[in-house]
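# Topology and contacts: notes
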Amino acid sequence: MASNSTKSFLADAGYGEQELDANSALMELDKGLRSGKLGEQCEAVVRFPRLFQKYPFPILINSAFLKLADVFRVGMLGSLASIIPERKNAHHSIRQSLDSHDNVEVEAAVFAAANFSAQSKDFAVGICNKISEMIQGLATPVDLKLKLIPILQHMHHDAILASSARQLLQQLVTSYPSTKMVIVSLHTFTLLAASSLVDTPKQIQLLLQYLKNDPRKAVKRLAIQDLKLLANKTPHTWSRENIQALCECALQTPYDSLKLGMLSVLSTLSGTIAVKHYFSIASGNVGSSPRSSDLVRLAQECCYHNNRGIAAHGVRVLTNITVSCQEKDLLALEHDAVFGLESLLVLCSQDDSPGAQATLKIALNCMVKLAKGRPHLSQSVVETLLIQLHSAQDTARILMCHCLAAVAMQLPVLGDGMLGDLMELYKVIGRSATDKQQELLVSLATVIFVASQKALSAEVKAVIKQQLESVSNGWTVYRTARQASRMGSHDMARELYQSLLTQVASEHFYFWLNSLKEFSHAEQCLAGLQEENYSSALSCIAESLKFYHKGIASLTAASTPLNPLSFQCEFVKLRIDLLQAFSQLICTCNSLKTSPPPAIATTIAMTLGNDLQRCGRISNQMKLSMEEFRSLASRYGDLYQASFDADSATLRNVELQQQSCLLISHAIEALILDPESASFQEYGSTGAAHADSEYERRMMSVYNHVLEEVESLNRKYTPVSYMHTACLCNAIISLLKVPLSFQRYFFQKLQSTSIKLALSPSPRNPAEPIAVQNNQQLALKVEGVVQHGSKPGLFRRIQSVCLNVSSTLQSKSGQDYKIPIDNMTNEMEQRVEPHNDYFSTQFLLNFAILGTHNITVESSVKDASGIVWKTGPRTTIFVKSLEDPYSQQLRLQQQQAQQPLQQQQQRNAYTRF
């Protein structure tokens, strides 16, 4: 069965007879490993990663690791800890090797013990006393003790084990005061506390004690490093006294390097719940106001320090305090934060060094946070950035443009004020074709698109096009057009895509650009929609659909087997269907005028007992429209679940399209179909969520407005009136007037995750069924590999894989027997957690009915948040259920026994006749 799984993997990869190739390649490398020449051995070791990449199959990898383990002995055993964590013979080998007289073997055993302790609770419990004896033993060399101590960081599997390890470390810190021993013991102490989450406050106090009292700089630096680790991982465990002690140390130290480290810890804590604990008034104690605390005094002293790093952390602390603390008397702190940020901006924007740029990023992040938390300070922040943009270096300008775009997206009211300065700057930049200049052209154009909340003026478009034509390359123009599509400036995007059509060398790229041009043109057609003008709305939607159909044809032509553009095609198809549904609903609303209900409609309604029938044919049409919008919402939900690799903005965009469909469906139901039972409570909180983009903000505003209109008309007028149909048409126009945003995932895939499945047993020919007897169960083994791109887990990671196996009967053979319903179908589901991106499980399937069955295995994944994603793939094999020989023999015997009886009955019948 295992060999069959390997064959199926290799066959799926398209390598043909590859099992022989894989085995022969492994044998060649094995010859190199066994060579007497060191060079050939090294070459063989180096070639193993390529073998794993080419043949990523568990059987081959396990064989290869065993051959490598034979070369590296116990060291390789340690690397296999994640694969065989509970293998008892491996545990025994490590314990024996720790007592070896060979130093190389002992070091390898220490490495293996650390890895197995991290993976196996049983091994950690069993080896803890052994490690303790060796560390405390007088015969153990000091350098070996330094290597053994870090193993104790993995003794966190239960509270008793962690407590014993902590006691030993406490003894070591006290008994061995040498610098190396204290550093190793303290760091192990910290890692143990961070992993076990036990005694973390005590560890913070211990580190602060060493930071304050130990005169050695190396120990102080280690204490700061570990405090930073605990600040990141467990900020809620920091008390007010801990932060106060750290502030006192930072105020007293004369060394800038140590002050920088302490401020780094404090800046991390200032952005968490710990800063609120620090300024809170404890019971029985008088809380200090933010202005008089040592933390604020330290930050104010450091804001203008000659060390850029210290100044950046000081400003960050002030910014976080200003945003987090909601007291009204923080005017002085606000001014200090703004002035400190301005001085850092002026200092770092003139310097191209990496250190200056890192500091500038901190300052700009603080500016965005300050503008968001304290909106009344945003105007001064924007003015400072605009002034400094003219004199800054190109590298700094790019970062400042990103900051301006972020501020303008949060506070759109600032956009119009900065547009003039941005256009003046855009006219004078980009005089050279350097990479930084090209990047700056894109960044500044993005800010202009964000600042222009409405359509771009002709003057703005002319300036951008002139600059792009004069100094930019094709890639810069494409990136600018892509940003225009994301920000809803579709008229600008269409012109830029049009200019690129003749500059690509591949027909796939041509069709891709042509499809983007058509989509932009289609969305541009919707910009002319006007409320109360429904005939114009129908013509605009029809014109938009014409260009969308042209675009989807080009998009289909642009897809390739390696890049199928599945998300893009489905997103555009849904947009087309949504526009068609909007058009149909407007026509349905107009039918109230063109085809009013007949005179006998009231009589028909009374006869049928359905009051809605008095409205005529429009009632049935409205019901069909409501079902259509609900179906579209369900399809948008399916697209959301299939987009595991999409960024959060793209997923939010899909969610907004789904909410638009649900909104119209709810409006139809509340106004016309069932106004009595309509509820608005579940839709009332749509505007409460914080909008991260201008598109989301405008869509939320439309949702709230439509809901208010629907609620005001609900139960006020008897359906269906012209006011009801006008409300629905205006809701459609309001939704379509918001320019659609094509988000990043439509253009760029930053994260790539795919699953490859192999089923065993598997047939040699995919169309050939697997034979199985009907009185036996088929053991179906499903193996899989999770494959990643260059940035695995950028947005979300796979926590578990859900495998669903189902079978359907394709064709029957033989007679029908009375078989229990449970034996007629197979529907099973299992969840498995990938281990080093590999997983496997088995299913027992029953095929009691004779005939050909179709087995479908479909995979989906669950991320760390518990969300299920329908990623696929979907694999199918065929099984032919055959009658077992014993039953077949019995059936034949019964048939033979019945034949003489039937013949006798026939003779008797003839005789009677």
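This one's a predicted model, so the numbers in the text were calculated from it and none came from an experiment.

Helix and strand counts for the protein stand at 37 helices and nine strands. Taking all 913 residues of the protein together, the buried fraction comes to 49%. A separation of at least 24 residues holds for 73% of the contacts in the protein among residues at least 6 apart in sequence. As displayed, the protein has an accessible area near 44200 Å², and 52% of this comes from carbon and sulfur atoms.

Moving on, we get to the environment of glutamine 136. Position of glutamine 136 among the secondary structure elements: in helix H8 (residues 121–136). A relative accessible area of 43% means that glutamine 136 is categorised as partly exposed. Between the alpha carbons of glutamine 136 and glutamine 171 there is a distance of 9.7 Å; along the sequence they are 35 residues apart. Once residues within four sequence positions are removed from consideration, glutamine 136 is found in contact with Leu168 and Gln171. A distance of 3.1 Å separates a polar atom in the side chain of glutamine 136 from a polar atom in the side chain of glutamine 171.

What follows is about the sheet that holds strand E1 (residues 753–760). Read from one edge to the other, the open sheet built from three strands follows the order E1-E3-E6, with strand pairing classed as antiparallel. Every interior strand has two partners, whereas the edge strands, E1 and strand E6 (838–846), have only one. Strand-to-strand twist of the sheet, defined as the mean angle between neighbouring strand axes without regard to direction, takes the value 25 degrees. Examined bridge by bridge, E1 and strand E3 (residues 777–788) share eight bridges and lie antiparallel to one another. Paired with threonine 753 across the strands is histidine 788, a residue of E3.

In this model helix H28 (residues 507–525) runs 27 Å from its N-terminal to its C-terminal C-alpha over 19 residues, within 8% of the 27 Å that 1.5 Å per residue would give. Those residues of H28 that fall on the buried side of the exposure criterion are Trp512, Leu513, Asn514, Ser515, Leu516, Lys517, Glu518, Phe519, Ser520, Ala522, Glu523 and Cys525. Contacts made by the buried residues of H28 are with helix H26 (474–487), helix H27 (490–500), helix H29 (534–558), helix H30 (566–594) and helix H36 (744–747). For H28, the N-terminal cap is serine 506; the gap from its side-chain oxygen to the backbone nitrogen of histidine 508 is 3.2 Å.

What follows is about the packing of helix H33 (residues 648–673) against helix H34 (residues 694–713). Look at H33 against H34: their axes get within 11 Å of each other, and the N-to-C directions meet at 10 degrees. By the angle class used here, H33 and H34 are roughly parallel. Seen from H33, the contacting residues are Arg652, Asn653, Leu656, Gln657, Gln659, Ser660, Leu663, His666, Ala667, Ala670 and Leu671; seen from H34, they are Tyr695, Glu696, Met699, Met700, Tyr703, Val706, Leu707, Val710 and Leu713. Across the contact of H33 with H34, the residue classes break down as 13 nonpolar, five polar and two charged.

Moving on, we come to the environment of glutamine 225. As for its position among the elements, glutamine 225 is in helix H13 (residues 217–233). Spatially, the C-alpha atom of glutamine 225 lies 8.5 Å from that of valine 265, the residues being 40 residues apart in sequence.

The next point concerns unusual backbone geometry. Following serine 760, the chain continues into proline 761 via a peptide bond in cis, with omega recorded as 5 degrees. Assignment of secondary structure puts proline 761 in the loop between E1 and strand E2 (770–773). If you check the backbone angles, glutamate 532 has positive phi at about 70 degrees while not being a glycine. Mapped onto the elements, glutamate 532 comes out in the loop between H28 and H29. Residues other than glycine seldom take positive phi values, yet leucine 565 does so here, at roughly 55 degrees. Secondary-structure assignment places leucine 565 in the loop between H29 and H30. Overall, leucine 565 belongs to the buried group, its relative accessible area being 7%.

Another aspect to go through is the pairing of E2. The side chains of a regular strand alternate between both faces of the sheet. Going residue by residue along E2, you find Ile770 and Val772 tucked away on one face and Ala771 and Gln773 left uncovered on the opposite face. Taken together, the four bridges between E2 and strand E9 (residues 874–882) define a ladder with parallel strand orientation. Considered in E9, the bridge of glutamine 773 is made with leucine 882.

Here the focus is the packing of aromatic side chains. Tallied over the full model, the rule gives 20 aromatic pairs. Ring centres of tryptophan 475 and tyrosine 478 lie 5.6 Å apart, and the angle between their planes is 25 degrees; this geometry places the pair in the stacked category. Taken together, the residues span about one helical turn, with tryptophan 475 and tyrosine 478 both in helix H26 at a distance of three residues. By relative accessible area, tryptophan 475 is classed as exposed at 52%. Judged by relative accessible area, which is 11%, tyrosine 478 ranks as buried.

For the pair helix H21 (residues 378–389) and helix H23 (residues 415–428), the least separation of the axes is 10 Å and the interaxial angle reads 15 degrees. By the angle between their directions, the pair H21 and H23 is classed as roughly parallel. Remark: the crossing between H21 and H23 carries left-handed chirality. Residues Val382, Leu386 and Leu389 of H21 form the contact with H23, whose participating residues are Met418, Asp421, Leu422 and Leu425.

So, on to the pattern of salt bridges. If you walk through the whole model with that rule in mind, you get 29 salt bridges. Residues lysine 461 and glutamate 495 are paired through a salt bridge, measuring 3.8 Å at the closest nitrogen-oxygen approach. In this pair, lysine 461 sits in helix H25 (residues 458–471) while glutamate 495 sits in helix H27, placing the two residues 34 residues apart along the sequence. Overall, glutamate 495 belongs to the partly exposed group, its relative accessible area being 23%. Of the charged contacts, one joins glutamate 669 and arginine 630 as a salt bridge, the two residues approaching to 3.1 Å between their closest N and O atoms. Here arginine 630 lies in helix H32 (residues 618–642) and glutamate 669 lies in helix H33, a separation of 39 residues in the sequence. Residue glutamate 669 is classed as partly exposed on the basis of its relative accessible area of 26%. Exposure remark for arginine 630: the relative accessible area of 39% places this residue in the partly exposed category. Here the residues in one salt-bridge network are Lys461, Lys465, Asp491 and Glu495, joined through shared partners.

What follows covers the confidence of the model for the protein. In this model, the protein carries a mean pLDDT of 85, and residues with pLDDT of at least 70 account for 88%. Averaged over each element, pLDDT in the protein is lowest for helix H1 (residues 2–13) (37) and highest for H28 (96). In the model, residues 1–20 has pLDDT below 50 throughout and makes 35 contacts with residues more than four positions away in sequence or in other chains. Segment residues 684–689: pLDDT under 50, and six contacts once partners within four positions in sequence are set aside and those in other chains are kept.

Here is what the cut-offs are and how they apply
- Residues numbered from 1 in each chain as written.
- Predicted model: local features only at pLDDT ≥ 70, side-chain atom pairs only at ≥ 80, totals over all residues.
- Heavy atoms only, no water.
- Helix = DSSP H or I, 4+ residues; strand = E, 2+ residues; numbered from the N terminus.
- Buried < 20%, exposed > 50% of the residue type's maximum accessible area, 1.4 Å probe, protein only.
- Contact = heavy atoms within 4.5 Å.
- Areas by Shrake-Rupley, 256 points an atom, 1.4 Å probe, with all protein chains shown as cover.
- Polar contact = N/O pair within 3.5 Å; in protein donor to acceptor, adjacent residues only side chain to side chain.
- Pairing = 2+ DSSP bridges.
- Axes fitted to C-alpha atoms, helices over the stretch in contact; angles between N-to-C directions.
- Expected span 1.5 Å × (residues − 1).
- Parallel < 35°, antiparallel > 145°, perpendicular 65-115°, else oblique.
- Nonpolar A, V, L, I, M, F, W, Y, C, P; charged D, E, K, R; others polar.
- Phe/Tyr/Trp six-rings, centres within 6.5 Å; stacked < 30°, edge-to-face > 60°.
- Left-handed = near helix turned anticlockwise from the far one by under 90°.
- Salt bridge = Lys/Arg side-chain N within 4 Å of Asp/Glu carboxyl O.
- pLDDT = per-residue confidence, 0-100.

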